[in-house]
Amino acid sequence: MYRCAIIGVGGNRANGHADAYRLIERGQLVAVSTRNPEKLAAFGERHGVAARYTDYREMFAQERLDLVHVNTPPDVRLEIFQAAAAAGIPALVVEKPLAIQWEDYQAIAEFARTSPVKIAVNHQLHFHPRRIALQRLVAEGGIGAVRFVDASAGMNMAFQGTHTLQAIRAFLPNQTSHSVFAQASGTDGLQPTPRQHYAPDALLATLDYGDGITALLRCGTNAPRVLADEPRAHAHKRIGVYGDAGYVHWSMWNWEVGQAGRVERGVHDYPAEDVLGQAALTKAMFDWLEDERAVHPLNLDVSLQDFAVMLNIYESALHREIRHLDRDASGAHQAGLMAALREKLG
């Protein structure tokens, strides 16, 4: 039985991690850590976790942990990675966004080059049953050769943009973006907040994959609304994938497949899908712990690639230029990217 823990209990995501353990047979949630004693007690009581710590380093020292879910603001992610490595903890699942700008991205990439810790980023949507079915359909050629992907989310790039980029990758697993061009507006999301999910309020980007494949990404106030009467910004994640023989659509609430002139559509219960997706993501970490060949599809190396694309999208919006990812990858990058965007867009 794998011994598992959570760091950080703020927001709904920590509850999502904990609820998934009702569906997991190989692991048990044995400890939790957060700095606020009242929140710690409430979370522990809700999920039946007796071992509670206000200092995650003490938790690492006292508990023999196999997997830790890291549900913290981005600015402390690296120190937790380093502490986990020093404590001999073999695996982490980290919340998105992985980082915010080039400086922390590069520091995490350097850590990844030398650390044995297995890390995956928590894009649980990848494991939603309906998403898996649609991803399999596209991979098996069910809509022919993919030509265009349209992905969007109602919250900004830091909150949900990594979900949309990962969704594009999930439907284009063997493709790499060659260039991006983006525009951004609005600075409310670039102001200091405790959660530190800094990003422009609205962002639009085109991604060129070559071979006649392009993608459109929209995040924030400019994204289309999935449900017209739904005021919650987070409820509007969606993706459409278009091939030369059909299409698939997925959103948090419904789906549609078009093939050979026939259309099939339906709805799904997002909360029910989400707990199943979270459980499957966690189980995939256990598979990786048991077999080095069973590399998690959301592993840190892949997530760093997606995050580099996101940072190049920001730079494209900042400088209003096409960013060629192969050519510009090794070049100089904008220091203090969020501050530069705040000044540019203000």
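Quick notes on the rules
Residues numbered from 1 in each chain as written. Predicted model: local features only at pLDDT ≥ 70, side-chain atom pairs only at ≥ 80, totals over all residues. Heavy atoms only, no water. Axes fitted to C-alpha atoms, helices over the stretch in contact; angles between N-to-C directions. Helix = DSSP H or I, 4+ residues; strand = E, 2+ residues; numbered from the N terminus. Parallel < 35°, antiparallel > 145°, perpendicular 65-115°, else oblique. Left-handed = near helix turned anticlockwise from the far one by under 90°. Contact = heavy atoms within 4.5 Å. Nonpolar A, V, L, I, M, F, W, Y, C, P; charged D, E, K, R; others polar. Pairing = 2+ DSSP bridges. Buried < 20%, exposed > 50% of the residue type's maximum accessible area, 1.4 Å probe, protein only. Arc of directions from axis to C-beta. Phe/Tyr/Trp six-rings, centres within 6.5 Å; stacked < 30°, edge-to-face > 60°. Lys NZ or Arg CZ within 6 Å of the ring centre and 35° of its normal. Core = buried A, V, L, I, M, F, W, Y, C linked by side-chain atoms within 4.5 Å.

Sorry if this is basic, but what is going on with the packing of helix H4 (residues 77–87) against helix H5 (residues 102–114) here?
The angle between the axes and the distance between the axes are what describe a pair of packed helices. Running from N to C, H4 and H5 point in directions that differ by 15 degrees, and their axes come no closer than 10 Å. Between H4 and H5, the interaxial angle falls into the category roughly parallel. When you trace H4 past H5, the crossing you get is left-handed. For the pair H4 and H5, the contacting residues are Leu78, Phe81, Gln82 and Ala85 in the first and Ala107, Ile108 and Phe111 in the second. Looking at the contact of H4 with H5, its residues break down into six nonpolar, one polar and no charged.

How should I be thinking about the sheet that holds strand S10 (residues 213–220) in this particular structure?
Sheets are built from strands paired through backbone hydrogen bonds, the pairs being either parallel or antiparallel. Across the sheet, which stays open at both edges, the nine strands sit in the order S14-S13-S12-S11-S7-S10-S9-S8-S15 with mixed pairing between neighbours. On the outer flanks of this sheet lie strand S14 (262–267) and strand S15 (323–324), each paired with one strand and no other. Bridging between strand S7 (residues 146–153) and S10 involves six bridges; their strand directions are parallel. Looking at S10, one finds that Ala153 is bridged to Cys219. Running at roughly 60 degrees to strand S8 (residues 179–185), helix H9 (residues 300–319) makes contact with S8, strand S9 (202–210), S10 and S15 of the sheet.

Explanation requested: the pairing of S10 in the structure shown.
Every regular strand shows the same layout, with side chains that alternate between the two sheet faces. The element S10 is largely enclosed, with a buried count of seven among its eight residues. Both S9 and S10 contribute to a ladder of eight bridges, which runs antiparallel. When the bridges of S10 are listed, Gly210 appears paired with Ile213. With antiparallel pairing between neighbouring strands as the criterion, S9 and S10 make up a hairpin whose turn holds two residues, including Asp211 at a positive phi of roughly 55 degrees.

Would you take a moment to explain helix H6 (residues 129–139) for this structure?
Each α-helix winds once per 3.6 residues, and so residues spaced three or four apart point in a common direction. Residues Arg131, Leu134, Gln135 and Val138 constitute the buried set of H6. Axial view of H6: buried residues confined to an arc of 100 degrees, hence all on one face. As for H6, its buried residues are in contact with S7, helix H7 (157–171), strand S11 (238–243), strand S12 (246–251) and strand S13 (254–259). Backbone geometry just after H6 places Gly141 at a positive phi near 85 degrees.

Before we go on, may I ask you to explain the packing of aromatic side chains in this structure?
Aromatic ring pairs are described here by two measures, namely the spacing of the ring centres and the angle between the planes. Scanning the entire structure with this criterion turns up eight aromatic pairs. The rings of Trp102, Tyr105 and Phe307 are connected pair by pair, giving a single aromatic cluster. Above the face of the Trp255 ring, Arg130 is positioned so that its terminal group lies 4.1 Å from the ring centre. One residue, Arg131, lies across the ring of Trp250, its end atom 5.4 Å from the ring centre.

In this structure, what is going on with the pairing of S14? I would like to understand it.
Buried residues are scarce in S14, accounting for zero of its six residues. Taken together, the six bridges between S13 and S14 define a ladder with antiparallel strand orientation. Of the residues in S14, the one forming a bridge with Trp255 is Gly266. A loop of two residues connects S13 with S14, the two strands running antiparallel in sequence, and Ala260 in this loop sits at a positive phi of about 50 degrees.

Would you mind showing me how to read the packing of helix H1 (residues 11–20) against helix H2 (residues 37–47) here?
Look at H1 against H2: their axes get within 11 Å of each other, and the N-to-C directions meet at 30 degrees. With respect to each other, H1 and H2 are oriented roughly parallel. As for how H1 packs across H2, the hand of that crossing is right-handed. Residue-level contacts link Ala14, Asn15, Ala18 and Asp19 of H1 to Phe43, Arg46 and His47 of H2.

Please explain H4 as it appears in this structure.
Those residues of H4 that sit buried are Arg77, Ile80, Phe81, Ala83 and Ala84. The arc that holds the buried residues of H4, viewed along the axis, is 170 degrees, so those residues lie on one side. Close packing links the buried residues of H4 with strand S1 (2–7), helix H3 (56–62), strand S4 (67–70), strand S5 (91–94), H5 and strand S6 (118–121).

Looking at this structure, I do not really get the sheet that holds S4. What am I missing?
Read across the open sheet, the six strands follow the order S3-S2-S1-S4-S5-S6; overall the sheet is parallel. Strands at the two margins of the open sheet, each flanked by one partner only, are strand S3 (51–53) and S6. Across the sheet, the axes of successive neighbouring strands diverge by a mean angle of 25 degrees, strand direction being ignored. As defined by bridge partners, S1 adjoins S4 across four bridges and the pair is classed as parallel. In the sheet register, Ile7 faces S4, and the bridge partner there is Val70. Helix-sheet contacts for helix H8 (residues 270–290) involve S1, strand S2 (27–33), S4, S5 and S6, and the interaxial angle to S6 is about 160 degrees.

Would you mind going over the nonpolar core with me for this structure?
Grouped burial of nonpolar side chains is what soluble globular proteins tend to show. Formed by 86 residues in total, the largest nonpolar core has its most connected members in Phe60, Met157, Ile313 and Tyr314. One finds Tyr2, Leu281, Ala284 and Leu298 within the second-largest nonpolar core, a separate group that totals 26 residues.

Teacher, can you tell me more about unusual backbone geometry here?
Leaving glycine aside, a negative phi is the common case for residues, and trans is the common case for peptide bonds. Cis peptide bonds are those with omega within 30 degrees of zero, and the linkage from Lys96 to Pro97 qualifies with 0 degrees. Position of Pro97 relative to the elements: it lies in the loop between S5 and H5. For Asp211, which is not glycine, the phi dihedral falls at a positive 55 degrees. Along the polypeptide, Asp211 turns up in the loop between S9 and S10.

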